[in-house]
Every structure is written in structure tokens, then in C-alpha cells.
Amino acid sequence: MTPRPDRVFTDGPLAGLEGWAVQIPMALRYRRLRERRAVLLRGPAGWGEFSPFDQYDDQTSTRWLAAALESATQPLPAPMRYRIPANVTVPPVPAPQARRLVEDSGCQTAKVKVAEAGHDFAEDISRVAAVREALGESGFLRLDVNGAWGVDEAEARLRRLEEFDLQYVEQPCATLSELAELRRRTEIPIAADESIRSAASPEQIVSSQAADMLVMKVQPMGGVNRLLEWASRTGLPVIPSSALETSVGLAAGLAAAAALPELRYACGLATASLLAGDVVPKPLLPERGEIALRRPKPAPELLARWRPEEEVASGMITRAERAAALLRCS
């Protein structure tokens, strides 16, 4: 029996939906998170996930809510493929652990987090070297910098790292203008992620000449359909990726990847293993480097298991309601 929802919403964009708060510990530290919090929404079309990071303000969170509302109330787009290639994500862990993560994943592509606060560049080099060794010469290796480097620093560090045959580097600098300058200085392809959301339009991304490909995430983009629209207007290769969601949120990412007319690169959707648990009995994980397209439903016992304390759950529901109020006014 499904536990009672934390809220049955009666007003605004959330009206008629049910919401459950969940809090799942991280299995591996990533982005300095200790746990992942989400409000899961159930509506006429299924389940959606609202899980903005704690540091995001309510206005930023409206896109995350728009994505959750879309999943809960609208059908997903028709798929063009049913198996999605995925990369293993390697957090800022010691080199031996990084090697094991890649070997155990079965993935042919690995994304390595570098430039994490508290870690020096020598550690990054060791981690990248270990991952390249685990992948072998035929595997694809990409880096994620989360905008931590300046242009000069990025140029110098990529010169040190180019021996590892990088497929691309994701968001090495913070802004589109910085990415454009770096792109003129390096032959390593540049992928834009965070800076996409600060762009006024898809056309601005193209005209800036800042990126060779785009990493897009359903929640920060505002939903599957908005991601697909922006992708079609840029004409650049798109790599759908996760925002460290449960399998409810990952299902929306898979739907976006499945609906793209072309999918040239492995997607960053194999992140369920970074959590210590999930809300579905069989999480969305890769097998032989691919994730099968499906939309699993949360299990009642797992909704109950991962429910946070009353005060935390109440705060999470209230945050969703604040975002909904702003969404209604926009």
C-alpha cells in the first residue's frame, strides 16, 4: 500500500497532483553532496521529479518544477531508439577507486570530474590516467570541470591532459565568452553545460561559437520538450545528462535521449549508482554500457523508507509550492 502523500496539492500549477518527499544518501560524494533530496509528483501521465540543488533560489527552481509537472501531466515524446548508450561518471575519488568504477561499469565511455575544491591538479591527473588505463585505447574519456578554470588556466591544464586522448572537456570555464576564447586556443572539443542555461536563446549559443556540443539536463532545461526544442534550434550534437536524480528523474532524461533525431555520443544518465538507494526496485542502470528505455514506478516501501523527517519533508514541499507560485506568475 502506497504511503499517504506528504501533500495533495489543490492550487496553482500543482493542483490535482500528489507529492512525496524523499531523501537518499549518496553512495559516493559528488558535488560535495551527502544526500539527494527530491519531491516526487504523481499525476495523470505518471511520475515527475523536482530536485533542485539546495543552493538554487526559487526562481531558478521554477524550471526544475516545470520539468516535473511536464512528466506528471503530459505524455513523453515518441522514441526513436530503445537503448541509450551511457557513460560511467567518476567522482573525485582516488585513482585506484576510479579505475575500479570504470572496470565494474561495463561502459565504453567515462566522464571524470576534475577541479573539485580541496583536490589538487596532481590528483586529477592521476585519476584521469587511471581511467584511461581502465578504458583502454578504444574507450572514450571526457572531463567535467563545472566551470572552475579561467581561460589561461584551462589552456595550460588541457595541454597537460591532452595525452589522454580526450573526447571532449565539459564546461572548462564558466561563461560562453570564456568558452569561445578557450575554443580558439585548444583542439580539444568543448562541451557547454551550465552556461547554456544563462543564454538568452539557442541562437545565442550558436552565434557565440563557444561549444562543439551541448550537455543538456531535463530538469535545469525546464522539461523534455524544451530540451528537444533547444537542441533542434542549435543544430549541435546534444548529450542528455542527469542532475543526480532518482530513477524517476532519470526516466525523463532517457525519454529525451530516445527522442533526439540523432544521438552521436554516450549520455550522462548512468548516475543512479552514485546514490545509496533508489525509489524504484530496479534502478535505471546500464548493462554493457547501455540503459534500456523504460519508465519505472516508485515502490510504496521505498517511498516510506526514504521519507525524511517531518520538518525536512515539510520544507521540501513548501519549496515546491514557492516555485509553483512563481511559475504561475511567469
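Before reading further, recall that the structure is shown in the block above.
Sequence order as written defines residue numbering, which begins from 1 separately in each chain. Local features in this predicted model are restricted to residues whose pLDDT is 70 or higher, and side-chain atom pairs enter the listing and the counts only when it is 80 or higher, whereas totals over whole chains, interfaces and linings include all residues. Note that the side-chain values use all heavy atoms of the structure and ignore hydrogens as well as water.

**Regarding the overall build of the protein**
Quick reminder of the rule: Numbered from the N terminus, helices here are DSSP runs of H or I no shorter than four residues, and strands are runs of E no shorter than two. In this setup the radius of gyration rests on C-alpha atoms only. A globule is expected at 2.2 Å times the number of residues raised to 0.38. A simple rule labels every residue: compare its accessible area, found with a 1.4 Å probe on the protein chains alone, to the largest value its type can have, and call it buried under 20%, exposed over 50%, or partly exposed in between. Working rule for contacts: check all heavy atoms of both residues, and any pair within 4.5 Å makes them a contact. The Shrake-Rupley method, run with a 1.4 Å probe sphere, supplies the accessible areas, and residue values consider only the shown protein chains as cover. We count Lys and Arg on the positive side and Asp and Glu on the negative side, and we leave His and both chain ends out. Positions of charges follow a simple convention, taking NZ of Lys, CZ of Arg, CG of Asp or CD of Glu.
Helices and strands together make up the secondary structure of the protein, namely 11 helices and 13 strands. Relative to its length of 330 residues, the protein is compact, with a C-alpha radius of gyration of 19 Å against a globular reference of 20 Å. Expressed as a percentage of its 330 residues, the buried residues of the protein come to 56%. In the protein, the proportion of contacts linking residues at least 24 apart, taken out of those at least 6 apart, comes to 65%. In the form shown here, the protein has an accessible surface area of approximately 14200 Å², with 48% of it arising from carbon and sulfur atoms. Of the side chains in the protein, 40 bear a positive and 43 a negative charge, and the two mean positions are spaced by 3 Å.

**Observations regarding helix α3 (residues 121-135)**
Test applied: What a helix is expected to span follows from its residue count: subtract one and scale by 1.5 Å.
For α3, spanning 15 residues, the distance from its first C-alpha to its last is 21 Å, which sits close to the expected 21 Å at 1.5 Å a residue. Of the positions making up α3, those classed as buried are Phe121, Asp124, Ile125, Arg127, Val128, Ala130, Val131, Arg132 and Leu135. Along its buried surface, α3 packs onto β5 (83-90), α2 (95-105), β6 (109-113), β7 (140-144) and α4 (151-161).

**So, the pattern of salt bridges**
Put simply, the test is: Basic side-chain nitrogens of Lys or Arg form a salt bridge, by our definition, when they fall within 4 Å of a carboxyl oxygen of Asp or Glu.
This model, assessed by the stated rule, comprises 23 salt bridges. Its salt-bridge partner being Arg99, residue Glu133 comes within 3.4 Å of it at the nearest N-O pair. Placement of Glu133 in helix α3 and of Arg99 in helix α2 is noted, with a sequence separation of 34 residues between them. What makes Arg99 partly exposed here is its relative accessible area of 25%. The salt bridge partner of Arg197 is Asp193, with a shortest N-O separation of 2.9 Å. One continuous salt-bridge network, built from bridges that share partners, spans Asp152, Glu155, Arg159, Glu181, Arg184 and Arg185.

**A few points about the side chain of Asp124**
For Asp124, the position within the fold is in helix α3. Asp124 sits in the buried class, given a relative accessible area of 2%. In contact with Asp124, other than residues within four places in its own chain, are Lys113, Val114 and Ala115.

**Points about helix α5 (residues 176-183)**
Applied cut-off: Note: the arc covers the axis-to-C-beta directions of the helix.
For α5, the complete set of buried residues consists of Leu176, Leu179, Ala180 and Leu182. Angularly, the buried residues of α5 cover 165° about the axis, an arc narrow enough to put them on a single face. As for α5, its buried residues are in contact with α4, β9 (190-192) and α6 (202-208).

**A closer look at the nonpolar core**
The line we're drawing: Nonpolar cores are built from buried Ala, Val, Leu, Ile, Met, Phe, Trp, Tyr and Cys residues. Side-chain atoms within 4.5 Å join them into one set.
Counting 68 residues, the largest nonpolar core has Val131, Leu143, Trp149, Leu161 and Met216 as its most contacted members. For this core, the leading source of residues is helix α9 (residues 247-259), giving eight residues.

**Quick notes on the pairing of strand β8 (residues 166-170)**
Side chains on a regular strand alternate between the two faces of the sheet. Cut-off, in case you're wondering: Strands were regarded as paired on the criterion that DSSP finds at least two bridges between them. Seen with its strands pointing away from the viewer, a crossover is right-handed if its path from the first strand over the helix to the second goes clockwise.
The element β8 is extensively covered by neighbouring structure, given that five of its five residues are classed as buried. Looking at chain direction, β7 and β8 are connected through four bridges and run parallel. Looking across to β8, one finds that Leu141 is bridged to Leu166. Handedness of the crossover joining β7 and β8 through α4 is recorded here as right-handed. Here two bridges tie β8 to β9, and the two strands are oriented parallel to one another. Considered in β9, the bridge of Val169 is made with Ile190.

**Side note on the environment of Arg294**
Mapping Arg294 onto the fold places it in the loop between β13 (290-292) and α10 (300-305). Residue classification places Arg294 among the partly exposed residues on the basis of a relative accessible area of 30%. Distance in space between the C-alpha atoms of Arg294 and Gly43 is 18 Å, their sequence separation being 251 residues. Excluding its chain neighbours within four sequence positions, the residues that come into contact with Arg294 are Ala251, Leu254, Lys282, Pro283 and Leu284.

**Structural notes on the side chain of Ser51**
Locating Ser51 in the fold gives a position in the loop between β4 (46-50) and α1 (58-73). Ser51 sits in the buried class, given a relative accessible area of 0%. Aside from chain neighbours lying at most four places away, what touches Ser51 is Arg36, Arg37, Ala38, Trp64, Gln219 and Glu245.

**Some remarks on the packing of α3 against α4**
Two packed helices can be described by the angle between their axes and the distance between those axes. Short version of the rule: Axis geometry follows a simple rule: fit a line to the C-alpha atoms, using only the stretch in contact for helices, then measure angles between N-to-C directions, giving values from 0 to 180 degrees. Each crossing gets its hand from how the near helix is turned against the far one by less than a right angle, where anticlockwise is left-handed and clockwise is right-handed. Lys, Arg, Asp and Glu make up the charged group, whereas Ala, Val, Leu, Ile, Met, Phe, Trp, Tyr, Cys and Pro make up the nonpolar group; the residues left over, Gly among them, are polar.
Viewed as axis vectors pointing N to C, α3 and α4 meet at an angle of 35°, and their least axial separation amounts to 11 Å. Crossing of α3 over α4 shows right-handed handedness. Taken together, the residues of α4 that come into contact with α3 (itself represented by Phe121, Ile125 and Val128) are Arg157, Arg160 and Leu161. Here the residues of the contact of α3 with α4 sort into four nonpolar, no polar and two charged.

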